[in-house]
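# Summary of structural features
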Amino acid sequence: MNFRELGLEERLLEGIDAMGYETATPVQAQVIQPILAGRDIIASAQTGTGKTAAFLLPIVHKMLTQQHSSHHINALIIVPTRELAIQIAETMEGLSYFTDISCIAVYGGGDGNSFTAEKKALSSGVDMVVCTPGRMIAHLNMGYVKMQEVKYLVLDEADRMLDMGFNDDIMKIISFLPKQRQNLLFSATMPSKMRDLARKLLQNPAEINIAVSKPPEQIVQQAFVVYEPQKIPLIKYVLNNSDYTRVIIFCSKKQNVKQLSSELKRAKFSVEEIHSDLLQDKREQVMQDFRNRKLKILVATDILSRGIDIEEIELVINYDVPNDGEDYIHRIGRTARAATSGTAITFISEAEQRKFAQIETLLGKQVDKLIVPEQFGAAPEYAPRSHKPMGNRRPNQGGGNRPSLRPNKPRPNNSRPSNQGPNNQTNP
Ligand code: AMP
């Protein structure tokens, strides 16, 4: 589902575009409409599923299209940690870039200056506040926070907040809010204490359950951490140095499918492409040739990541990091079907590192990072916390997403699994 179909405001669509989101993730597809319709929500969705935009977009849309009180807080988002508060405020900055909706993150641990800045925003009025409970209570106790116009309350990672003992703080903050408001509750898990909280807070909520499946154990998951221009040469190397007979390579964008497939054809690989620009007849022909083993390699968009059932695919390559954990699991699930084993290798550029780290969080484990062979030059370190995702860059910041290959510099070893020395290159 694309965002235009969801009926979102034009300025938000521009922000979504600038963030590089193309289609709504499953949680977004399920949650945005009921929120737009004014329903309370209880959603079980983990980090990495796109849940932040799932609540930010409809709230901002409603602020833009319905009467909203400036100089008052309209939306209050309560989260367990300052990191999450900062991350949500950053996502908000990107999505609302073309609007005049304001947002501030209010969290503990800063200096006196940040408290004063928060106090100023909270007393003069800011449209949206993303806060941790303790810090918000510190401000509320001083009496200047304008809560009487809050129309939207979000509790994000609510299970974590309860685990951290924030129940009383949350209830105290809520006691300052008007009774008439829309409540959205997001939680990775739904223990009984969460149900109790939901019963207290929500009225006739829409229930959304984004169950994230886990990939089959027998899939060997690996990744190369690379600069964008290293991807195609390294894919050729992987294909040349292995004897896989059935390979699918996924790319998020059609133009990447076309470019990669034409480069592989030029290098004489047995390859065809599949994407929505192809006529149905041609698509069927390509699929048939792949099933009949006339073709060894398919380069495809995500149209092929769900539903197709071709057995004995030995290798899935992710040319890029999929948009969310579910897509990743669907893509790599094309291999190791029917209890056979299979390998999935993901190519992670610098701009994609954070996205991949979120997928690893969802998987509950780190994927092994393979060593980039010497002849491809130095590769980046895997340091997802220090790489901003493309999506969070301001639209006009420029800078391009294709870092050029840097001249040879010593290979960073600290990002590699400890059992892989520099000469112990795992042959993919
Ligand atoms: P979240 O679960 O909200 O922490 O989001 C996980 C990651 O997915 C973040 O890096 C978001 O910027 C990204 N994201 C959210 N929605 C989309 C989308 N529709 N398409 C692509 N990326 C998205």
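The shown structure was predicted, so the numbers you read here are calculated from the model rather than taken from an experiment.

This part covers the pattern of salt bridges. Tallied over the entire structure, the rule returns 21 salt bridges. Its salt-bridge partner being D277, residue K258 comes within 2.7 Å of it at the nearest N-O pair. Here K258, found in helix α11 (residues 254-266), pairs with D277, found in the loop between β10 (271-274) and α12 (280-291); they are 19 residues apart in sequence, far enough to count as distant. Exposure remark for D277: the relative accessible area of 44% places this residue in the partly exposed category. Here E312 and R293 are joined by a salt bridge, their closest N and O atoms 2.8 Å apart. With E312 in the loop between β11 (297-300) and β12 (315-318) and R293 in the loop between α12 and β11, this pair connects stretches of sequence that are 19 residues apart. Residue classification places E312 among the partly exposed residues on the basis of a relative accessible area of 47%. For R293, a relative accessible area of 40% gives the class partly exposed. Within this structure, K51, D156, E157 and R160 form a network of salt bridges that share partners.

Take the packing of helix α2 (residues 26-36) against helix α3 (residues 51-65) next. Each pair of packed helices can be described by the angle between their axes along with the distance between the axes. In the contact formed by α2 and α3, the axes pass within 9 Å of each other and the chain directions differ by 25°. As judged from the angle between their axes, α2 and α3 are roughly parallel. Two packed elements cross with a definite hand, and for α2 against α3 that hand is right-handed. Contacts between α2 and α3 involve V27, Q28, V31, I32, I35 and L36 from the former and K51, A53, A54, F55, L57, P58, H61 and K62 from the latter. In the contact of α2 with α3, the residues fall into ten nonpolar, two polar and two charged.

What follows is about the sheet that holds strand β5 (residues 152-155). In space, the seven strands of this open sheet follow the order β3-β4-β2-β5-β6-β1-β7, with parallel pairing throughout. With partners counted over all chains shown, the strands left at the sheet margins are β3 (103-106) and β7 (206-209), one partner each. On average, each strand axis in the sheet is inclined to that of its neighbour by 10°, with strand direction left out of account. Both strand β2 (residues 75-78) and strand β4 (residues 128-131) contribute to a ladder of four bridges, which runs parallel. In the strand pairing of β4, I78 is matched with C131.

Once that is clear, we can look at the sheet that holds strand β8 (residues 219-225). One open sheet holds the seven strands; their spatial order is β10-β11-β9-β12-β13-β8-β14, and the pairing between them is parallel. With one partner strand each, in any of the chains shown, β10 and β14 (368-370) form the two edges of the open sheet. When the angles between neighbouring strand axes are averaged without regard to direction, this sheet yields 25°. As paired strands, strand β9 (residues 247-250) and β12 are joined by four bridges and run parallel to one another. Within the sheet, the bridge partner assigned to F250 lies in β12 and is N318. Packing against the sheet, helix α10 (residues 231-240) makes contact with β8, β9, β11, β12 and β13 (342-348), and its axis sits at approximately 160° to β13. Its contacts with the sheet put α11 on β9, β10 and β11, and the angle it makes with β10 is roughly 170°.

Okay, the pairing of β13 next. Most of β13 is tucked away, with seven of its seven residues classed as buried. In this structure, β8 lies alongside β13, joined through seven bridges in parallel fashion. Paired with A223 across the bridge in β13 is T346. Strand direction decides the pairing type here: β12 and β13, joined by four bridges, are parallel. When the sheet's bridge partners are listed, V316 is paired in β13 with A344.

With respect to the element layout, L304 can be found in the loop between β11 and β12. Residue classification places L304 among the buried residues on the basis of a relative accessible area of 5%. The sequence separation of L304 and I248 amounts to 56 residues, and the corresponding C-alpha distance is 9.2 Å. Excluding residues that lie within four positions of it along the chain, L304 makes contacts with I248, F250, I274, M287, L298 and R334.

Rules of the game
Residues numbered from 1 in each chain as written. Predicted model: local features only at pLDDT ≥ 70, side-chain atom pairs only at ≥ 80, totals over all residues. Heavy atoms only, no water. Salt bridge = Lys/Arg side-chain N within 4 Å of Asp/Glu carboxyl O. Helix = DSSP H or I, 4+ residues; strand = E, 2+ residues; numbered from the N terminus. Buried < 20%, exposed > 50% of the residue type's maximum accessible area, 1.4 Å probe, protein only. Axes fitted to C-alpha atoms, helices over the stretch in contact; angles between N-to-C directions. Parallel < 35°, antiparallel > 145°, perpendicular 65-115°, else oblique. Left-handed = near helix turned anticlockwise from the far one by under 90°. Contact = heavy atoms within 4.5 Å. Nonpolar A, V, L, I, M, F, W, Y, C, P; charged D, E, K, R; others polar. Pairing = 2+ DSSP bridges.

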